[in-house]
Amino acid sequence: MVVRIERIERTLDCFEQSLSQLRGLLQTQSSSASVGGSHGHDPEYQLHESHRHDEWDLNQSPSLFKALPTSALEYLRSPRVLVSFLWQKYLENVEPILKILHASTVQRQVLNNTQSREIVGAPTECVISAICYAAVATMTVEECRVELDEDKQKALKRYRIGVESSLAKADLLKSLDTAVLQAFVIYIACSRRYDKGPDIRKFLGNAIGIAFKIGLHRDASTSGLPPFQVEMRRRLWWQIYTLDINIAEDCGTNPRILESWFDTRLPSNISDASLDPDMKDPPRNCTGKTEMVLNLTRSEISNFARRTIFPDQFCEENCYPVLSASQKFTAIELFKEKVEQQYLSHLDQSIALDCFTTVSSNLILAKLKLAVIKPRARQDQSMLTHVNFRKVCTEILQKAAALRHYEKGRQWLWTFQNHIEWDAWTCLLINLSLAPQGEALDSAWQAVNETYDYLKMDGDARRDYRWENIEELRTNALFSRDMIQINPSQWGTSPDEDSGFEESHTMATESPQQLGLGTLKRQREDGIGSSRYSPVELEPRAPNCRSEVPTMQSEAQEHLPRMWALANAAAAAPTAIDSSSHVELASEPTDIPSSGTGCQWSATLFERYFQILGSEETSPV
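Cut-off values and rules
Throughout this description, residue numbers start from 1 for each chain and increase along the sequence as written. With the structure being a predicted model, the display of local features is reserved for residues of pLDDT at least 70 and the display and counting of side-chain atom pairs for 80 or more, all residues being used for whole-chain, interface and lining totals. Hydrogens are left out, water is left out, and the side-chain values use all remaining heavy atoms of the structure. Each helix is a run of DSSP H or I of at least 4 residues and each strand a run of E of at least 2, with the numbering of both proceeding from the N terminus. Here a helix's expected span is defined as the number of its residues, less one, multiplied by 1.5 Å. Relative accessibility thresholds used throughout: buried, under 20% of the residue-type maximum; exposed, over 50%; partly exposed, between the two (1.4 Å probe, protein chains only). Here, nonpolar core refers to any group of buried Ala, Val, Leu, Ile, Met, Phe, Trp, Tyr and Cys residues whose side-chain atoms link them within 4.5 Å. We call two residues in contact when some of their heavy atoms are within 4.5 Å. Definition of a polar contact: a pair of N or O atoms within 3.5 Å, with one able to donate and the other able to accept a hydrogen when the atoms are protein atoms, and with sequence-neighbouring residues admitted only if both atoms are side-chain atoms. Note on geometry: axes are lines fitted to C-alpha atoms, helical ones only across the stretch in contact, with angles between N-to-C directions running from 0 to 180 degrees. Oblique is the label for every angle not falling under 35 degrees (roughly parallel), over 145 degrees (roughly antiparallel), or within 65 to 115 degrees (roughly perpendicular). Charged means Asp, Glu, Lys or Arg here, nonpolar means Ala, Val, Leu, Ile, Met, Phe, Trp, Tyr, Cys or Pro, and polar covers whatever is left, Gly included. A score between 0 and 100, pLDDT records how confident the predictor is in each residue. Throughout, a crossing is termed right-handed when the near helix is turned clockwise from the far one, and left-handed when it is turned anticlockwise from it by less than a right angle.

Asker: Break down helix 18 (residues 422-434) for me, with residues and values.
Answerer: Helix length check: helix 18 (13 residues) gives 18 Å between terminal C-alpha atoms against 18 Å at 1.5 Å per residue, within 8%. For helix 18, the tally of buried residues reaches 13 of 13 residues, placing the bulk of the element in the interior.

Asker: Mind laying out the nonpolar core, listing which residues take part and the relevant values?
Answerer: Across soluble globular proteins, you tend to see nonpolar side chains buried next to one another. Core analysis: the biggest nonpolar cluster contains 143 residues, and Leu181, Phe184 and Trp425 have the highest contact counts within it. When residues of this core are assigned to their parent elements, the largest contribution, 13 residues, is made by helix 16 (residues 352-373). Leave out the neighbours within four places in its chain, and leucine 181 touches Ala207, Ile210, Ala211, Ile214, Leu216, Leu236 and Ile240. With five residues, the next largest nonpolar core counts Phe228, Met232, Ile270 and Leu275 among its residues.

Asker: Tell me about the side chain of glutamine 349, and name the residues and values.
Answerer: If you trace the backbone, glutamine 349 turns up in the loop between helix 15 (325-342) and helix 16. Of the polar contacts made by the side chain of glutamine 349, one reaches the side chain of threonine 358; its length is 3.0 Å.

Asker: Summarise the packing of helix 15 against helix 16; cite the residues concerned and give the values.
Answerer: Here helix 15 crosses helix 16 at 170°, and the two axes come no closer than 9 Å. Taken together, the axes of helix 15 and helix 16 are roughly antiparallel relative to one another. Contacts from Ala325, Lys328, Phe329, Ile332, Glu333, Phe335, Lys336 and Glu340 of helix 15 reach helix 16 at Asn362, Leu365, Leu368, Lys369, Val372 and Ile373. Classifying every residue of the contact of helix 15 with helix 16 by side-chain character gives eight nonpolar, one polar and five charged.

Asker: Quick rundown of helix 7 (residues 122-137)? Include the residues and the values.
Answerer: For helix 7, built from 16 residues, the straight-helix expectation of 22 Å at 1.5 Å per residue is met to within 8% by its first-to-last C-alpha distance of 22 Å. Judged by how many residues are buried, helix 7 sits mostly within the fold: 16 of 16 residues are covered.

Asker: How would you sum up the confidence of the model for the chain? Please name residues and give values.
Answerer: Of all residues in the chain, 64% have pLDDT values of 70 or greater, and the mean over the chain is 74. The secondary-structure element of the chain with the lowest mean pLDDT is strand 1 (residues 591-592), recorded at 32, while helix 10 (residues 178-189) shows the highest, at 97. Of the regions scoring below 50 in pLDDT, residues 615-621 engages in 24 contacts with residues more than four places distant in sequence or in other chains.

Asker: Give a detailed account of the packing of helix 7 against helix 10, specifying residues and quantitative values.
Answerer: It is the contact of helix 7 with helix 10, at a shortest axis distance of 8 Å, that shows an interaxial angle of 15°. The pairing of helix 7 with helix 10 is recorded here as roughly parallel in orientation. The element helix 7 and its partner helix 10 pack so that their crossing is left-handed. Here Pro123, Cys126, Val127, Ala130, Tyr133 and Ala134 of helix 7 lie close against helix 10, whose contacting residues are Ala179, Val180, Ala183, Ile186 and Tyr187. Grouping the constituent residues of the contact of helix 7 with helix 10 by class yields 11 nonpolar, no polar and no charged.

Dropping the structure here:
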């Protein structure tokens, strides 16, 4: 009897899957002329095909996941009450950040699943499984223990098997159903923060291939598809496009999608209430605040980042202007004004999501600045003493601290792959070691102390391979601070007096169009002007750094013998840095003063810098 029931269930599942694929195939074929479903006549897709990665070859690739038998899937499925709870958790943690689904439509599917005994179709099962996985992935360890009565890692492993099994059951690589791809993208997006999680870079390649296969890279506004589907396809494409940029930053590679490969417009600035599956007319785009503001802001910033933080060759391949570091720095400032004017100025800072949107956007823009001005090779060391460099690093640490301490926005911190700004912290400590005086000194030390005090209580941070190097750099900075008080003549100039940095005022006469900020493809043509808006700062209070000098001095005393040797060697025998040397502090260092500056330029200091960042070509996280 059990065998017969299982056979009937498998038959029904296959029938439902076949119907779903047939509907998707008919839909794609009916709109192939304008959406790009018929790739044989699409020259841009043929260009894409000739340059694709191996994992994009969906016809040749084996199934990504192993489909489990029905009985095993039944075991993995959560109780109906638990599904409802996880759906609510998804609405709180994920939905405001990842606007892929239409909440009210999925709400009905979840209710039908929890209230009915009927077997749901494979696409719906994929979406519900992805929702459960995403909810657990974005919960804290304590929340999982209290709400689920389960260890988070065990729960996450089970839900990961569940979503992968449902994707295998839906035949992901061959499916033409956008719901299946929506579930896959949710799975990828919520797995970025886990080092031991799925191979998201490989999976993203598959997602891009599927997106091209079903024509998401072509805007569907003239395809004859219903307005609701047009809008949801735009949302899904831009999430994939943004993930392509974010994962490229994470991995230190270039984005895979080229500018010429797609023409899909940005999603409309509308709330879900303005969308309905049965609507006949396209929704009216709003100019003020809607539920899409955070997503649109992140999409626009990510699209702009392609023009600034990736190599010149990538810019040339995409026909972007190739800019100098100074030009990029100025371009980011202009773009920040545009974002504030177009999006952030409409937000209410007393509302949690609005405040999170403002602070997180400013944090990302500050990280773009650091990405374009931080040294990429040992020949660029003079940049580390520039006052703008100090201010940018300080701003990043301040904004990161503001987000950590903002309790109302804690459920959205998962969007940042890593809550520790290792690169900014490293750069600031080196700056304070080499230039322990000058402008913005107090705020810099306050940011360093706040970050150190917070992370020394974090076991995961202290187990990170970079922590030991951070401790060494902090000791250097403490020593330099003590030395400037003991012997101010040891340092000749302030950081900004001789920086080697091409000042941004050289770009003052260049227009946004000359900087590549003119009419960007698919971007709105809003003018870039001065914004009167000043976003609310959420910088936490910290002890005044001047009051902590005795503590710093006592910590540095332990390292005085070898640090004195380092300082004396720097003053006595300045020589050029050998970029291949890896000198320990206890040995005789190779030091040079920077241009006209008496501070020590230790080879070891820069070896620490490159060790922590991982590579001279590492992209920002």
